[in-house]
Each structure stands twice: as C-alpha cells, then as structure tokens.
Amino acid sequence: GAGVSQTPSNKVTEKGKYVELRCDPISGHTALYWYRQSLGQGPEFLIYFQGTGAADDSGLPNDRFFAVRPEGSVSTLKIQRTERGDSAVYLCASSLEGPALSPLHFGNGTRLTVT
Amino acid sequence: KQEVTQIPAALSVPEGENLVLNCSFTDSAIYNLQWFRQDPGKGLTSLLLIQSSQREQTSGRLNASLDKSSGRSTLYIAASQPGDSATYLCAVPYSSASKIIFGSGTRLSIRP
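Below is a short write-up of the structure. (Residues numbered from 1 in each chain as written. Chains lettered and ligands numbered in written order. Predicted model: local features only at pLDDT ≥ 70, side-chain atom pairs only at ≥ 80, totals over all residues. Heavy atoms only, no water.)

**Observations regarding the side chain of Thr106 of chain B**
Residue and element names in this part refer to chain B. Checked against the element boundaries, Thr106 lands in strand 11 (residues 106-111). When its relative accessible area of 0% is taken as the criterion, Thr106 is described as buried. At 2.6 Å, the side chain of Thr106 and the backbone oxygen of Pro8 are in polar contact. Excluding residues that lie within four positions of it along the chain, Thr106 makes contacts with Gln6, Ile7, Pro8, Ala9, Ala10, Leu11, Leu21, Ala86, Thr87 and Tyr88. (Helix = DSSP H or I, 4+ residues; strand = E, 2+ residues; numbered from the N terminus. Buried < 20%, exposed > 50% of the residue type's maximum accessible area, 1.4 Å probe, protein only. Polar contact = N/O pair within 3.5 Å; in protein donor to acceptor, adjacent residues only side chain to side chain. Contact = heavy atoms within 4.5 Å.)

The following block contains the structure:
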C-alpha cells in the first residue's frame, strides 16, 4: 500500500490480557515510531526504530510494553497485563530517514480499549 | 527538557478569514519543526517541515515560519475554508533527534 497501515483499527480487551498491535510502514522507510494519544492531547512518544534496532525506547512507560521490528519493516507493539490506563489510540509513523531529515507519515492508529 | 506549547487550544473563525496558529518550544536547539493536521478519528498528515536553517516554508494557502531564537513557529492559513477544520499540531525532534515532541494542538473550526 501507499501509506502506513495499522491493524487492528480497534481492539477491545479485558484488564490483564495481552495484546499485539501491528504496523506496516511505507516500503523503504528505515525509521519507525510508536506514539500513544489520549483524547485532546498530542501524541506521546513511545519508541523509535532505525532499521531493526530500537534507537530510543525511553518513552515506553514500563516493562509491560515491548516493541519489535525483526526484519526492519513490520513492527509489533506488545502490551502485557493490560490496565485500564492503557486505553488510548496507538499511532505508528515511518519516515524515509531519521527524524532530523524526513517528514513523518502516520497510520490511522489502533484504538485500544481496556475494560 | 523540551516542551512544546500551542495556543489557543481551540479557535473558531468564519470562512474566508486569514488566521495564524502559534507554536512555542523551550529548547531552541532543534533540528526542524513539523506542522501536522489531524482529522477526527484519523492519523496525522504532514503539512510542512521547516529545517532549522530555514525561516519559512509555503504550500498552497499554508505558510509556516520559524524563529529559533525566540522559540516560536507560526502557521498562517490564508482564505480559510470549512474543509480546513481539523486539529493542527506542531512537533520538534529532541534529544539527539530520536524523539519527536508534539504540542497538544489547536482545534480549528471554520464556520461557513
């Protein structure tokens, strides 16, 4: 596809369950980012990948959150033992190069609801 | 620590007016500044990216300026249209450029 694709678009899960959110970046984009957005707020940085490695994971709120990008393209954000406070829209973005050089292209996000 | 602020949080103007949205940042050592548009329930769409060496960028009816020394950027929208209604966010790379910090956005409503 032409843009960043995120699946699922909506996810409802029970407190304590494990979830995986998937991001397909634009083909050829080496940089990939995960953000979390709550209602009325700007996106909050979670993690940044350059290629296969996490160049900056300082935004991950705690060790329940983990993200991988094993082949340098598709990325998965994994949340263990979900809590109601994890409810938010999780956004993925990619860019051709790093953030100092190239604009970000965002997907439409995954709306996560923890009941 | 970099903080990005956008004022006002919301703005409503009649169609046809020219308007200015403001973005301020606390650390002037930025690589670039990017303006985005977000429609309800959607992701963000990049509008303009200004490199730190530039003073402004233009795209159609949009013009973004950057003043690093004062820590400010403005987004100017000419001849506003109802289709411009959306939330507008600015963002800057921070901390060796790996982390991009967003403002909370300005929710713009253009009245027909």
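**A short note on the interface of chain B and chain A**
The partner chain A presents 21 residues to the 21 residues of chain B that form the contact. Counting the contacts that link chain B with chain A gives 0 salt bridges. Between chain B and chain A we count 4 residue pairs in polar contact (both at pLDDT 80 or more) in total. Residues that form the side of chain B that touches chain A fall into these classes: 9 nonpolar, 10 polar and 2 charged. (Salt bridge = Lys/Arg side-chain N within 4 Å of Asp/Glu carboxyl O. Nonpolar A, V, L, I, M, F, W, Y, C, P; charged D, E, K, R; others polar.)

**Some thoughts on the nonpolar core**
All names here are of chain B. In this structure, Leu33, Trp35, Leu75 and Ile77 are the most contacted members of the largest nonpolar core, which totals 23 residues. Secondary-structure elements contributing two or more residues to this core are strand 3 (19-25), strand 4 (32-38), strand 5 (44-51), strand 7 (62-67), strand 8 (72-77), strand 9 (86-94) and strand 11. When residues no more than four places from it in sequence are discounted, the contact partners of Ile77 are Glu17, Asn18, Leu19, Leu21, Arg61, Leu62, Asp84, Tyr88 and Leu108. (Core = buried A, V, L, I, M, F, W, Y, C linked by side-chain atoms within 4.5 Å.)

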